[in-house]
Each structure stands twice: as C-alpha cells, then as structure tokens.
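# Descriptive analysis of the structure
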Amino acid sequence: MCIGIPLQVLECVPGRALCGDERGARWIDTRLIEPPAPGDWLLVFLDAAREALDAGRAAQIREALRALQAVQAGDLAALDGLFADLDREPQLPPHLQAQLPPKEPHSP
C-alpha cells in the first residue's frame, strides 16, 4: 500500500520541486500536476506529486498520519484531538451521493 505524504514546496525548477517536512527535504517529481510555487503543499506518493493541497487539508492528512504512527506505537492516548473532523457525521463526496428521483405524491 502506498500512503500519500503532504510536503511543502521549498524551491521549484521545471518538472520538480524541493519539498520538505520535519524529517527533511527531497526532490519531488511535479510533472503530473500544475507547476507549484514555494510555500505550496503537495500530496506526494513515492517521490512524485499527485495533487496540490491547501494548508488546511495538508494539516488534516498530517494529523491522520500522526494518529497512525501513535496506534502503531501503542500510544492510544496520543489520539485525542488528532481527528478533529470526526465530531460530525461522515458525508459522501457529491459524486458518490445517490441521485434520487423526486418523490411523487402518494395517491389515496
């Protein structure tokens, strides 16, 4: 399984960007997305950017990854607050929601 890692762009050249997080920096292939700018967030799989992210979405993914690390380490107490968006009922994205026909009135 491949997990996407949010990384922040530090420097750009055509077709790649130097991106980093708290673990360090590395060059990322950016040919599959629009050219990024320094400060942008990218979702990276196997050193290739697959999607540009806003800072809020990057933070959510980073928190989810920290939660996975905590579970793997057996530190369940660290999970408090890492899934702040789960205090609501999960919603399907619009393209997966059923398109129901309008209800017809009941006849007597």
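Keep in mind it's a predicted model, so treat the numbers as computed, not measured.

## Description of unusual backbone geometry
- A positive phi angle, near 50 degrees, is found at Leu46, a position not held by glycine.
- Along the chain, Leu46 falls in the loop between strand 4 (41-45) and strand 5 (48-53).
- In this structure, Asp47 is a non-glycine residue whose phi angle is positive, near 60 degrees.
- Relative to the assigned elements, Asp47 resides in the loop between strand 4 and strand 5.

## A short note on the packing of aromatic side chains
- Applying the stated rule across the entire model yields zero aromatic pairs.
- In this structure, Arg16 packs its charged tip against the face of Trp27, placed 4.2 Å from the ring centre.

## Digging into the pattern of salt bridges
- Counted under the stated rule, the structure contains four salt bridges.
- A salt bridge links Glu22 to Arg62; the nearest nitrogen and oxygen atoms lie 2.8 Å apart. With Glu22 in the loop between strand 2 (16-21) and strand 3 (24-29) and Arg62 in helix 1 (residues 55-72), this residue pair connects regions lying 40 residues apart in the sequence.
- Linking Arg31 and Asp29 is a salt bridge whose minimum nitrogen-to-oxygen distance equals 2.6 Å.

## Some thoughts on the pairing of strand 2
- Among the six residues that make up strand 2, five are buried, leaving the element largely enclosed by the rest of the structure.
- With antiparallel pairing between neighbouring strands as the criterion, strand 1 (residues 5-13) and strand 2 make up a hairpin whose turn holds two residues, including Gly15 at a positive phi of roughly 85 degrees.
- Across six bridges, the pairing between strand 2 and strand 3 is antiparallel. In the sheet register, Arg16 faces strand 3, and the bridge partner there is Asp29.

## A look at the side chain of Arg62
- Owing to a relative accessible area of 19%, Arg62 belongs among the buried residues under this scheme.
- A polar contact of 2.8 Å, which involves the side chain of Arg62, links it to the side chain of Glu22.
- Arg62 has contacts with Pro6, Asp21, Glu22 and Trp41, leaving out every residue within four places of it along the chain.

## Quick notes on the pairing of strand 5
- By the bridge criterion, five bridges tie strand 4 to strand 5 in an arrangement that is antiparallel. Considered in strand 5, the bridge of Phe45 is made with Ala48.
- What sits between the antiparallel neighbours strand 4 and strand 5 is a turn of two residues, in which Leu46 has the positive phi angle 50 degrees.

About the thresholds
- Residues numbered from 1 in each chain as written.
- Predicted model: local features only at pLDDT ≥ 70, side-chain atom pairs only at ≥ 80, totals over all residues.
- Heavy atoms only, no water.
- Helix = DSSP H or I, 4+ residues; strand = E, 2+ residues; numbered from the N terminus.
- Phe/Tyr/Trp six-rings, centres within 6.5 Å; stacked < 30°, edge-to-face > 60°.
- Lys NZ or Arg CZ within 6 Å of the ring centre and 35° of its normal.
- Salt bridge = Lys/Arg side-chain N within 4 Å of Asp/Glu carboxyl O.
- Buried < 20%, exposed > 50% of the residue type's maximum accessible area, 1.4 Å probe, protein only.
- Pairing = 2+ DSSP bridges.
- Polar contact = N/O pair within 3.5 Å; in protein donor to acceptor, adjacent residues only side chain to side chain.
- Contact = heavy atoms within 4.5 Å.

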